[in-house]
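# Structural features, examined
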Amino acid sequence: MKQDRFKLIAGVFLLLEKDNKIFLIRRKNTGWEDGKYAIVGGHLNGNEKASIAAVREAQEEIGVKIKPNDLTLFNIMHIQSNSERINLAFVTKKWEGEPKNNEPEKCDQAKWFSLNKLPENLEYASKEVIACYKNNIFYIELGWDQKPDLIIK
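## Some words on the overall build of the protein
Helix and strand counts for the protein come out as 2 helices and 9 strands. Scanning the protein from its N terminus toward the C terminus, one meets helices and strands in the order β-β-β-β-α-β-β-β-α-β-β. Over its C-alpha trace the protein gives a radius of gyration of 15 Å, about what one expects of a compact globule, namely 15 Å for 153 residues. Projected onto its principal axes, the C-alpha positions of the protein cover 55 × 30 × 30 Å. By the burial criterion, 42% of the 153 residues in the protein qualify as buried. Taking the contacts inside the protein whose residues are at least 6 apart along the sequence as the reference set, 65% of them involve residues at least 24 apart.

## Quick word on the pattern of salt bridges
Scanning the model with the defined rule gives 6 salt bridges in all. The partner of Glu 33 in a salt bridge is Lys 36, with the nearest N and O atoms 3.2 Å apart. The class for Glu 33 is partly exposed, based on a relative accessible area of 23%. One network of salt bridges, with partners in common, ties together Glu 48, Arg 56, Glu 57 and Glu 60.

## Focus on unusual backbone geometry
Of note in this structure, Asn 47 is not a glycine but carries a positive phi near 55°. The class for Asn 47 is exposed, based on a relative accessible area of 87%. Located in the positive-phi region is Asn 136, a residue other than glycine, with phi close to 55°.

## Thoughts on the packing of aromatic side chains
Going through the model one piece at a time under the given rule, you end up with 4 aromatic pairs. Ring geometry for Phe 23 against Trp 112: centres 5.2 Å apart, planes inclined by 70°, an arrangement best described as edge-to-face. With a gap of 89 residues between them, Phe 23 in strand 2 (residues 21–27) and Trp 112 in strand 7 (residues 107–114) connect regions that are remote in the sequence. We classify Phe 23 as buried; its relative accessible area is 2%. Relative to Trp 112, the ring of Trp 95 lies with its centre 5.9 Å away and its plane at 25°, an arrangement referred to as stacked. Of this pair, Trp 95 sits in the loop between strand 6 (84–92) and strand 7 while Trp 112 sits in strand 7, and the two are 17 residues apart along the sequence.

## Quick look at helix 2 (residues 124–134)
Within an α-helix, residues lying three or four positions from one another point in the same direction, as the helix has 3.6 residues per turn. Those residues of helix 2 not exposed but buried are Ala 125, Ser 126, Glu 128, Val 129, Ile 130, Cys 132 and Tyr 133. Close packing links the buried residues of helix 2 with strand 1 (9–18), strand 2, strand 3 (37–38), strand 5 (72–80), strand 6 and strand 8 (139–142). Capping the start of helix 2 is the job of one residue whose side-chain oxygen sits 3.2 Å from the backbone nitrogen of Ala 125: Glu 123.

## Digging into the pairing of strand 2
Where strand 1 meets strand 2, 2 bridges bridge the pair, whose relative direction is antiparallel. Within the sheet, the bridge partner assigned to Lys 18 lies in strand 2 and is Lys 21. Where strand 1 folds back on strand 2, the antiparallel hairpin that results is connected by 2 residues, among which Asp 19 adopts a positive phi of roughly 50°. Across 7 bridges, the pairing between strand 2 and strand 7 is antiparallel. Along strand 7, the bridge assignment pairs Arg 27 with Cys 107. Two elements, strand 2 and strand 3, share 2 bridges in a ladder whose sense is antiparallel. Directly across from Arg 26, in strand 3, lies its bridge partner Tyr 37.

Conventions and cut-offs
Residue indices follow the written sequence of each chain, beginning from 1 at its first position. For a predicted model such as this one, the threshold for reporting local features is a pLDDT of at least 70, and the threshold for listing and counting side-chain atom pairs is 80 or more; totals across whole chains, interfaces and linings nevertheless cover every residue. Excluding hydrogens and water, the side-chain values take into account all heavy atoms of the structure. By definition, any uninterrupted DSSP run of H or I lasting at least four residues is a helix, any uninterrupted run of E lasting at least two residues is a strand, and each is numbered from the N terminus. With the radius of gyration taken over C-alpha atoms, the globule rule is written as 2.2 Å times the number of residues to the power 0.38. For each residue, the accessible area found with a 1.4 Å probe, counting protein chains only, is set against the maximum for its type, and the residue is called buried under 20%, exposed over 50%, and partly exposed in between. The contact criterion used throughout is that any non-hydrogen atoms of two residues lie within 4.5 Å. Every case where a carboxyl oxygen of Asp or Glu lies within 4 Å of a side-chain nitrogen of Lys or Arg is listed as a salt bridge. Here is the rule: rings of Phe, Tyr and Trp (six-membered ring for Trp) pair when centre to centre is within 6.5 Å. Planes less than 30 degrees apart are stacked, more than 60 are edge-to-face, and the remainder are tilted. Whenever a nitrogen or oxygen atom comes within 3.5 Å of another N or O atom, the pair is scored as a polar contact, on the condition that within protein one atom can donate a hydrogen and the other can accept it, and that pairs from neighbouring residues in sequence are kept only if both atoms are in side chains. DSSP calls a pair of strands paired once it identifies at least 2 bridges connecting them.

Encoded structure:
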């Protein structure tokens, strides 16, 4: 009998950065880390490039248009939380439009925060991704024992 292969969930994060600030959204009604600030992001759809998923999520969540070539991959995270997944984190400093809360049913606030003065109530994975960005960490494994297991700069 043929056994099904293990499958990972793939996700993307997107940091919009300007003037040493990043744009965060506060989650609500999602069932995951509601009431906490998070980076823009989501899951890949089937047959979708990661860069295109990041562009799509930015348009859906905060109403900005980004060209895939304006994205820079800065982190890969292998994480165990409510499921096992791989997240690819991108950053951009170039987009069209003013970021805003484009999904009020899933987010009750969206605003800029200084990289040096972030809100205390950050969603777990977002907090780690921002730390990786600030410390130039390209790969991290998280969640098996609630602390970083492997960090590669």
